[in-house]
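# Summary of structural features
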Amino acid sequence: MKELVWLVPVLPLIGFLIISLGKNYFSKSFAGILASVAVFAAFVISLGIFFEMNGSHGKAFTLVLFDWISTGDFKVNIAFLVDPLSSIMLLIITGIGFLIHLYSMGYMHDDEGYAKFFSYLNLFVFFMLLLVLGDNYLLMFAGWEGVGLASYLLIGFWFKNQSYNDAAKKAFIVNRIGDLGFVLGIILIYITFGSINYATVFGEAVNLTSNMPVITAITLLLFVGAMGKSAQIPLYTWLPDAMAGPTPVSALIHAATMVTAGVYMIARSNILYTLAPETLGVVAIVGAATAVFAATIGIFQNDIKKVLAYSTVSQLGYMFLALGVGAFTGGVFHLMTHAFFKALLFLGAGSVIHAMGGEQDIRKMGGLKKYIPVTYMTFLIGTIAISGIPPFSGFFSKDEILAHAFQVSPLLWGLGVLGSLMTTFYMFRLFFLTFFGAFRGTEDQKHHLHESPKTMTIPLIVLAVLAALGGFIGVPHVLGGNHWLEHFLAPVFKASEVFAHGHKLSHATEYILMAVTVILTIVFILFARNKFVSKSYVPSLDDSKLTFIPRLLTNKYYVDEFYNTIIVKPLNGLAGFTYKILELKVINLLVDSIGKLVVYISSVVRKVQSGNTGFYILAMVVSIVVILLINLFNK
Amino acid sequence: MEVIKAIPLNHYILLSAILFAIGVMGVLVRRNAIIIFMCIELMLNAVNLLMVAFSAHHGDGKGQVFVFFIMAVAAAEVAVGLSILIMIHRNTETTDVGFLNKLKF
């Protein structure tokens, strides 16, 4: 099965090619089925690879397909690395990818760009698989850029709306900043290790001492790349705007897979990060800050997708917090459970939007519980999972992160808990405002309310099961489990283990931490219930009466405005200056003068060409004689 | 071979230089296309003479082989050149190169 790994990315690529080239020649439902079948087949192969990997105790396997670049000492292969980490990622990408393809068949049913949508989705899956399968940094970067492209295409999918186009461009440009850091990091890796192959780089890194400045520089640069792709402070602003894309895209790209690429990259390079404790500190602080910062914004957002977007930013912050405190398994574990429950929540939100005929403002919803029961139940499971109530999946992964954070610093733990409580609050606020109380939409919308078709509810149910039970693959020892995921991933993180902090928390401390978080979470749920159900509080549609702090949070701390003022406007000014002065005055003048000069000189010189043969011959003879004389005297 | 060697090399060089100079002057001064043509032949043959002389003095046959090549090419060239001349004469009723001055800026 391992030898078939090349088929996993190639199948979606074939799907993309067939659909994009032939979409005018077959019916649109065929496009959806073809795209889904391609991803499903990739999922089946991934499943086979996964079980084989599990059976062989995580023995890594590299499949070299062919030479890609080979110049001098610089050699890069198109080669796929199959190890526990990539096999888990394969399952997440193809599994959730397939469910979302299925869901899109229902959600996008009436869209004129139906076939185009599926070709883009397949293209995305191809690049994402390339990203996680590559056995070197350059191939990862190729996938990294590819998913950025697919994300751009899908955010701006409804390109007739200018603000959606702007959102797409914003995502692309903000990601460029991060990508620059990533590229510089790769170059520095090549300079330092003479190779960009994981095996070579990590193999040599093990022998290095901790705290080398060059390793710190490499890891910081790579982290800048991760900040862009995984929407961390200060480069997170593109992700909430990316909600302009169709909802399945938000679920697949901007929640479950692409935005976790940064987490994957750091987990993959774990040994480099372990050797650079300063960088790990930066990662942990940025992660914790993002987790709290984004959560505070989430509390006051009224667009159902915006709330989920800020929640995604916040949860990504948790993953980076996990990586930063050295809990690489915890980061990957949370990546996985988050993929389950966030994809579920986004798809649920899509189902709500579908039922509401395109309405996204939760202030105009309410009471949807009895109209769309399947969505209601699955959304409830997703909300509980993200809040971290045992035994739902979010509890185990979040608990593991918080426990490790406490080990490193109680302050990080405190920030983590604070973010987690705010997450609970805004998620239940969203949940209660959407599904409870009286319906606040128009009569037309009320008439139109209906449960989504089977193709949409089945993925919801499957994801709900995963979100509910997915945590059991990582039950910690303290709760009597044996943490299967940790054992499975151990070969990948083995090298970093040596540097890990020795002391473990006592069981008593862990129980107390768990109890504190769970009790506080339940208190916050009750608080939200009291406010939004018992007192039926609904945020006012009129934003102008807000007091200072809610106003600040509704406007997302004015970060976009701040960036506009200090970066976008000066850049626009500079561009205007270079256009008006450099382009028009200097460059144009230079080019025009050269042209005029040539015209003038030729008008003089062409008089020599008189048509008189005798003169030509004389000129020739004189020239030959002159050349001969010059040669004679030069000897 | 011995006959050629009997005369000193300098004489050959001088003679061919004079012949070549006459050719060049003819090309420069005369306006009749046929005469110019003959002057070109004169230059070619001045070179041929020089080559044969050197070839004999060095005892190396390669120079003479080249002379045959030049003669063959010259014959071909004359055939083409004269036919062009005939066409010029038919069109302009003259062989004066001064009349062929249409090709200019």
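In every chain, residue numbers begin from 1 and rise along the written sequence. The naming scheme follows written order: chains are lettered A onward, ligands numbered 1 onward. For a predicted model such as this one, the threshold for reporting local features is a pLDDT of at least 70, and the threshold for listing and counting side-chain atom pairs is 80 or more; totals across whole chains, interfaces and linings nevertheless cover every residue.

## Let's talk about the overall build of chain B
Selection rule: Per the convention used, a helix needs a DSSP run of H or I reaching at least four residues, while a strand needs a run of E reaching at least two, with both numbered from the N terminus. Here the radius of gyration uses the C-alpha set of atoms, whereas the globule reference equals 2.2 Å times the residue count to the power 0.38. By definition, residue pairs are in contact when their C-beta atoms, positioned from the backbone, come within 7 Å.
A count of helices and strands for chain B gives 4 helices and 0 strands. Radius of gyration (C-alpha) of chain B: 17 Å, far over the 13 Å computed for a compact globule of 105 residues. By principal-axis analysis of the C-alpha atoms, chain B measures approximately 50 × 25 × 25 Å. By sequence separation, contacts in chain B at least 24 residues apart represent 49% of the contacts at least 6 residues apart.

## Comments concerning the overall build of chain A
Stated precisely, the cut-off is as follows: In this scheme every C-beta is placed from the backbone, and a residue whose C-beta has 20 or more other C-beta atoms within 10 Å is buried, one with 12 or fewer is exposed, and one in between is partly exposed.
A tally of helices and strands in chain A yields 25 helices and 2 strands. Each of the 635 residues in chain A was classed as buried or not, and the buried ones make up 50%.

## Quick word on unusual backbone geometry
Residue and element names in this part refer to chain A. The omega torsion of the bond from I233 to P234 falls at 5 degrees, within 30 degrees of zero and hence cis. Structurally, P234 can be placed in the loop between α8 (213-229) and α9 (238-241). Of note, the amide linkage connecting P390 to P391 takes the cis form, showing an omega dihedral of 0 degrees. Its place among the elements puts P391 in the loop between α16 (373-387) and α17 (393-408). In this model, K556 sits at a positive phi of 55 degrees, which is unusual for a non-glycine residue. For K556, the position within the fold is in the loop between α23 (548-554) and α24 (559-605).

## Section: the interface of chain A and chain B
Stated formally: Only Asp, Glu, Lys and Arg are considered charged, only Ala, Val, Leu, Ile, Met, Phe, Trp, Tyr, Cys and Pro nonpolar, and every remaining residue, Gly among them, polar.
Every contact between the two is made by 10 residues of chain A and, on the other side, 10 residues of chain B. Class assignment for the residues of the side of chain A that touches chain B results in 3 nonpolar, 6 polar and 1 charged.

## Here's the deal with the nonpolar core
Residues and elements named next belong to chain A. Quick note on the threshold: In these notes, a nonpolar core means any group of buried Ala, Val, Leu, Ile, Met, Phe, Trp, Tyr and Cys residues linked to one another through C-beta atoms within 7 Å. An automatic or database domain assignment supplies the residue ranges for each domain.
Counting 203 residues, the largest nonpolar core has F124, L321, A343 and A467 as the members making the most contacts within it. Ranked by residues supplied to this core, first place goes to helix α4 (residues 114-133) with 16 residues. Looking at which domains feed residues into this core, each of domain 1 (1-135) and domain 2 (172-540) gives three or more. Ignoring anything within four residues of it in the chain, the contact list for A467 reads F340, F341, L344, I381, G382, A385, F392 and S393.

## Describing the pairing of strand β2 (residues 74-82) of chain A
For clarity, the cut-off: For two strands to be treated as a pair, DSSP must find at least two bridges joining them.
Most of β2 of chain A is tucked away: 7 of the 9 residues are buried. Hairpin connection between strand β1 (residues 61-71) of chain A and β2 of chain A: a loop of 2 residues separates the two successive antiparallel strands, and G72 of chain A in this loop has a positive phi of roughly 60 degrees.

## Considerations on the packing of α16 of chain A against helix α18 (residues 410-435) of chain A
All names here are of chain A. The test is simple: All axes here are fitted lines through C-alpha atoms, helices being fitted over the stretch that makes contact, and every angle between N-to-C directions spans 0 to 180 degrees. With respect to orientation, any angle under 35 degrees is reported as roughly parallel, any angle over 145 as roughly antiparallel, any angle of 65 to 115 as roughly perpendicular, and every other angle as oblique. Crossing handedness: left-handed means the near helix sits turned counterclockwise from the far one by under a right angle, and right-handed means the same turn made clockwise.
As a packed pair, α16 and α18 sit with axes 9 Å apart at the nearest point and diverge in direction by 170 degrees. Regarding the angle of α16 to α18, the classification is roughly antiparallel. Every pair of crossing elements has a handedness; the one defined by α16 and α18 is left-handed. Seen from α16, the contacting residues are Y376, F379, L380, T383, I386 and S387; seen from α18, they are T423, T424, M427, F428, F431 and F435. Residue composition of the contact of α16 with α18, grouped by class: 8 nonpolar, 4 polar and no charged.

## Some points on the confidence of the model for chain B
All names here are of chain B. To be explicit about the condition: For every residue, the predictor assigns a confidence score, pLDDT, that lies between 0 and 100.
For chain B, the mean per-residue pLDDT works out to 89, and 98% of the residues sit at or above 70. Mean pLDDT across the secondary structure elements of chain B bottoms out at helix α1 (residues 2-6), with 78, and peaks at helix α2 (residues 9-29), with 93. Across the interfaces of the predicted complex, the ipTM metric reaches 0.81, alongside a pTM of 0.79.

## Looking at the environment of G317 of chain A
All names here are of chain A. Within the fold, G317 resides in helix α14 (residues 304-324). Each C-alpha atom, one on G317 and one on V286, is 7.3 Å from the other, the two residues being 31 residues apart in sequence. Filtering out sequence-adjacent residues up to four positions away, G317 remains in contact with Q232, G287, A288, T290, A291 and A294.

## Brief notes about the environment of L129 of chain A
Residue and element names in this part refer to chain A. Of note, L129 is situated in helix α4. L129 sits in the buried class, given 31 other C-beta atoms within 10 Å. Taking the C-alpha atoms as reference points, L129 and G143, 14 residues apart in sequence, are found 7.5 Å from one another. The contact partners of L129, leaving out residues within four places of it in the chain, are V8, P9, L90 and I93.

## Concerning helix α25 (residues 613-634) of chain A
Rules: Expected helix span is taken as 1.5 Å per residue step, with the number of steps being one fewer than the number of residues.
Under the 1.5 Å per step criterion, the end-to-end length of α25 of chain A is 32 Å for 22 residues, consistent within 8% with the ideal 32 Å. Of all 22 residues that make up α25 of chain A, 0 are buried, and the element is exposed over most of its length.

## Considering α16 of chain A
All names here are of chain A. For α16, which comprises 15 residues, the first-to-last C-alpha distance of 21 Å matches the rise-based estimate of 21 Å (1.5 Å per residue) to within 8%. Within α16, 11 of the 15 residues are buried, which leaves the element mostly enclosed by the surrounding structure. All buried positions along α16 are accounted for by T375, Y376, T378, F379, I381, G382, T383, I384, A385, I386 and S387. Packing partners of the buried residues in α16 comprise α14, α15 (328-355), α17, α18, α20 (454-469) and α22 (507-534). Downstream of α16 by a residue or two, G388 has a phi angle that is positive, lying close to 85 degrees.

## A look at the pairing of β1 of chain A
Residues and elements named next belong to chain A. Little of β1 sits inside the fold, with 0 of its 11 residues counted as buried. Both β1 and β2 contribute to a ladder of 9 bridges, which runs antiparallel. Among the inter-strand pairings, D67 is bridged to a residue of β2, identified as N77.

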